[in-house]
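Tertiary structure, described
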Amino acid sequence: MSSSTSSSGSVVKKVKMGKRVEKMLKDKGGSTSGQDNGDDDPNKTPEPYICTGIFEADFTEFCRRNLLKDNEIPAVVIRPKPPCAQPPPDNKSKDSKDSNTSKDPTPDEGVDAANQEEAPPKTYVTKDKYAYFRPVVQVEMENEDKPTTVTEIYIRGWKIDSLMVGIFKQCWPIIEKLSVVNLWNVNLSEDVVKEFASFLPQCQNLKTLVIDGTWCPEEPWSLLIGEDSLLTSLSLRNNGITDKGAVMIGKALSTVKSSNKNLVSLNLSGNKITDVGAVAIANGLRMNRVLLSLSLANNNVSDEGAKKLGEVLSRFPLTHEEVVERRKLLSEKGSPDQGLLKSPPPSRRDRDRPGSVRSSSHMDKTDKKRDKSSKKKDAKKDKDDTTKGKKEDKWKKGRLNTN
């Protein structure tokens with residue numbers, strides 16, 4: 001009886017322990033599955049990405065983080081170049097080879113020689129259907145073996161929206177050797193141009209910007225050449241710029257109180273600028289001392305606008321407002337004469353000595369100077385008294401003679 005009760009108790013304990021183990025396994029399984037689900041959760045914020053300086057890798061990663069599919073990400077390719085012409089064959093080497101080989105080649109040898117000759121370069125490349133119309137980012141590198149040496153970026157024929165310019169904002173400032181950005185027919189909006197203007201100064205070596213064939217109704221191109229702009233060359237050809245945009249560009253070049261200090265070349269050819277815009281640009285050149293090249297070819301500028309531009313290129317008088325602002329600027333910077341009049345900084349020896357106590361030698365020198373000056377004054381006074389007395393005596397003698 002006792003053995004049966006003990007065996008039944010042990011069975012009950014085993015059943016309870018089994019239930020506890022199953023419960024623990026379930027809890028562990030639930031927690032692990034919850035962790036797996038948390039890792040696969042698309043709404044979870046990813047860890048911040050640190051740019052590597054390799055444009056292709058950084059650009060692709062940022063596109064994926066902005067939920068772009070692989071077939072929607074523009075490919076980064078090396079910009080194609082025209083094939084190089086082969087040098088003409090050397091006739092001397094051929095004559096020497098012919099002289100060395102006196103025997104006629106066999107038919108087999110002629111076939112082998114023909115196969116060894118290099119095929120002429122192709123001037124075309126076959127691509128898949130519609131591959132030409134897919135957006136790509138073309139780049140040029142200093143060394144194609146080193147992907148961190150991207151120097152130029154070319155984008156052709158596809159719209160750059162706010163999402164894409166945000167990706168460029170994160171990638172381009174990291175590229176150390178980026179010096180040229182060339183955009184053609186990219187359909188920019190006003191907000192995108194403002195975004196470009198906000199981060200392009202962060203690209204320290206970016207000096208040339210080309211935005212051609214891109215119409216923008218608001219014409220905010222003047223934002224690209226603000227006071228903090230580092231661009232030395234800007235091309236805005238065939239962008240449909242009117243007098244509205246020309247007036248803003250003229251103000252960005254210079255006003256009475258500010259001016260652009262880096263832009264050397266500005267190309268505005270192929271737009272719709274008239275005499276009004278030309279006069280505004282000419283006024284912008286009055287206080288600008290940096291711009292060396294300006295192109296207004298194929299615009300609607302007549303003789304009046306050309307005359308105004310010609311006046312700015314020669315000597316011209318400043319207006320009253322320009323003179324006042326120029327004097328303010330010079331006073332703020334400080335003239336070189338003021339620097340000469342300033343007393344030299346006190347030496348260490350003078351700092352240690354109290355300012356109210358003077359040395360005995362210095363006091364002796366000042367006393368001697370005072371004595372000399374007082375003696376001179378006394379001598380001059382005595383001389384004046386003697387001359388005055390002589391004049392009075394002479395006057396008295398003359399008066400007595402008359403009487």
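Residues numbered from 1 in each chain as written. Predicted model: local features only at pLDDT ≥ 70, side-chain atom pairs only at ≥ 80, totals over all residues. Heavy atoms only, no water.

Our next topic: the overall build of the protein chain. Counting its regular elements, the protein chain contains 13 helices and 8 strands. A buried classification covers 26% of the 403 residues belonging to the protein chain. Sequence-distant contacts, at least 24 apart, represent 77% of the contacts inside the protein chain between residues at least 6 apart. (Helix = DSSP H or I, 4+ residues; strand = E, 2+ residues; numbered from the N terminus. Buried < 20%, exposed > 50% of the residue type's maximum accessible area, 1.4 Å probe, protein only. Contact = heavy atoms within 4.5 Å.)

Residues Tyr130, Tyr132 and Phe133 make up a contiguous nonpolar surface patch of roughly 480 Å² in combined accessible area. Residue classification places Tyr130 among the exposed residues on the basis of a relative accessible area of 56%. (Patch = residues over 30% accessible without salt bridge, like charges linked within 9 Å, V, L, I, M, F, W, Y side chains within 5 Å. Areas by Shrake-Rupley, 256 points an atom, 1.4 Å probe, with all protein chains shown as cover. Salt bridge = Lys/Arg side-chain N within 4 Å of Asp/Glu carboxyl O.)

Moving on, we come to the packing of aromatic side chains. Applying the stated criterion across every chain, the model contains 7 aromatic pairs. Ring geometry for Phe196 against Phe199: centres 5.7 Å apart, planes inclined by 35 degrees, an arrangement best described as tilted. With Phe196 and Phe199 both in helix 6 (residues 190–199) and 3 residues apart, the pair spans about one turn of that helix. By way of ring pairs, the aromatic residues Phe55, Phe59, Phe168, Trp172, Phe196 and Phe199 are connected into one cluster. (Phe/Tyr/Trp six-rings, centres within 6.5 Å; stacked < 30°, edge-to-face > 60°.)

Strand order in the open sheet formed by 8 strands is 1-2-3-4-5-6-7-8, and the pairing between neighbours is mixed. The open sheet has two free edges, formed respectively by strand 1 (75–78) and strand 8 (293–295), since each of these has just one partner strand. Across the sheet, the mean angle from the axis of one strand to that of its neighbour is 10 degrees, orientation sign disregarded. Note that strand 1 and strand 2 (residues 136–141) share 4 bridges and pair parallel. Looking across to strand 2, one finds that Ile78 is bridged to Val139. (Pairing = 2+ DSSP bridges. Axes fitted to C-alpha atoms, helices over the stretch in contact; angles between N-to-C directions.)

Moving on, we come to the pattern of salt bridges. By the definition in use, this model includes 7 salt bridges. Notably, a salt bridge pairs Glu61 with Arg65, separated by 3.0 Å at the nearest N-O pair. One end of the pair, Glu61, and the other, Arg65, are both in helix 2 (residues 55–65), 4 residues apart, so they sit about a helical turn from each other. Taking the relative accessible area as the measure of exposure, Glu61 reaches 24% and is therefore partly exposed. In this structure, the salt-bridge partner of Glu140 is Arg79, at a minimum N-O distance of 3.4 Å. Separated by 61 residues along the polypeptide, Glu140 in strand 2 and Arg79 in the loop between strand 1 and helix 3 (91–100) bring together distant segments of the chain.

Here we come to the nonpolar core. In this structure, Phe55, Phe59, Ile160, Trp172 and Phe196 are the most contacted members of the largest nonpolar core, which totals 59 residues. Not counting the four nearest positions on each side in its chain, Trp172 is found in contact with Phe55, Ile153, Leu178, Val181, Phe196, Phe199, Leu200 and Cys203. (Core = buried A, V, L, I, M, F, W, Y, C linked by side-chain atoms within 4.5 Å.)

Two packed helices can be described by the angle between their axes and the distance between those axes. Between helix 5 (residues 162–171) and helix 6, the shortest axis-to-axis distance is 10 Å and the interhelical angle comes to 5 degrees. Taken together, the axes of helix 5 and helix 6 are roughly parallel relative to one another. Residue-level contacts link Ser162, Val165, Phe168 and Lys169 of helix 5 to Val192, Glu195, Phe196, Ser198 and Phe199 of helix 6. In the contact of helix 5 with helix 6, the residues fall into 5 nonpolar, 2 polar and 2 charged. (Parallel < 35°, antiparallel > 145°, perpendicular 65-115°, else oblique. Nonpolar A, V, L, I, M, F, W, Y, C, P; charged D, E, K, R; others polar.)

Relative to the helices and strands, Ser269 resides in the loop between strand 7 (265–267) and helix 8 (275–284). Side-chain polar atoms of Ser269 contact the side chain of Asn267, separated by 2.9 Å. (Polar contact = N/O pair within 3.5 Å; in protein donor to acceptor, adjacent residues only side chain to side chain.)

One non-glycine residue, Asn185, adopts positive backbone phi at about 55 degrees. Position of Asn185 among the secondary structure elements: in the loop between strand 4 (180–184) and helix 6. A positive phi is found at Asn187, a non-glycine position, where the angle reads about 55 degrees. Mapped onto the elements of the fold, Asn187 is located in the loop between strand 4 and helix 6. Residue classification places Asn187 among the partly exposed residues on the basis of a relative accessible area of 42%.

Turning our eyes to something else, we now look at the side chain of Ser259. With respect to the helices and strands, Ser259 occurs in the loop between helix 7 (243–253) and strand 7. We classify Ser259 as buried; its relative accessible area is 18%. Those residues in contact with Ser259 that sit more than four places away from it in its chain are Glu227, Leu253, Ser254 and Met287.

Turning to the environment of Val323, a few remarks are in order. Relative to the helices and strands, Val323 is located in helix 10 (residues 320–333). Spatially, the C-alpha atoms of Val323 and Val256 are 9.2 Å apart, while their sequence positions differ by 67 residues.

Glancing now at a positive patch on the surface. A cluster of basic residues, Lys261, Arg289, Arg326 and Lys333, forms a positive patch at the surface. Inspection of the secondary structure assignment puts Lys333 in helix 10. (Lys, Arg positive; Asp, Glu negative; His and termini not counted. Charge placed at Lys NZ, Arg CZ, Asp CG, Glu CD.)

Closest axis-to-axis distance for the helix 7/helix 8 pair is 7 Å, and the angle between their directions is 5 degrees. Of the possible angle classes, the one that applies to helix 7 and helix 8 is roughly parallel. Where helix 7 abuts helix 8, its residues Asp243, Ala246, Val247, Gly250 and Leu253 lie against Val276, Gly277, Ala280, Ile281 and Gly284.

What follows is about helix 6. Those residues of helix 6 not exposed but buried are Val192, Val193, Phe196, Ala197 and Phe199. In this structure, the buried side of helix 6 is in contact with helix 5 and strand 4.

Mapped onto the fold, Leu268 is located in the loop between strand 7 and helix 8. Leu268 gets classed as buried once you look at its relative accessible area, which sits at 0%. The spatial distance from the C-alpha of Leu268 to the C-alpha of Gly240 is 9.7 Å, given a sequence separation of 28 residues. What Leu268 contacts, discounting residues up to four positions off in sequence, is Leu236, Ile241, Ile249, Ile273, Ile281, Leu294, Ser295, Leu296, Ala297 and Asn299.

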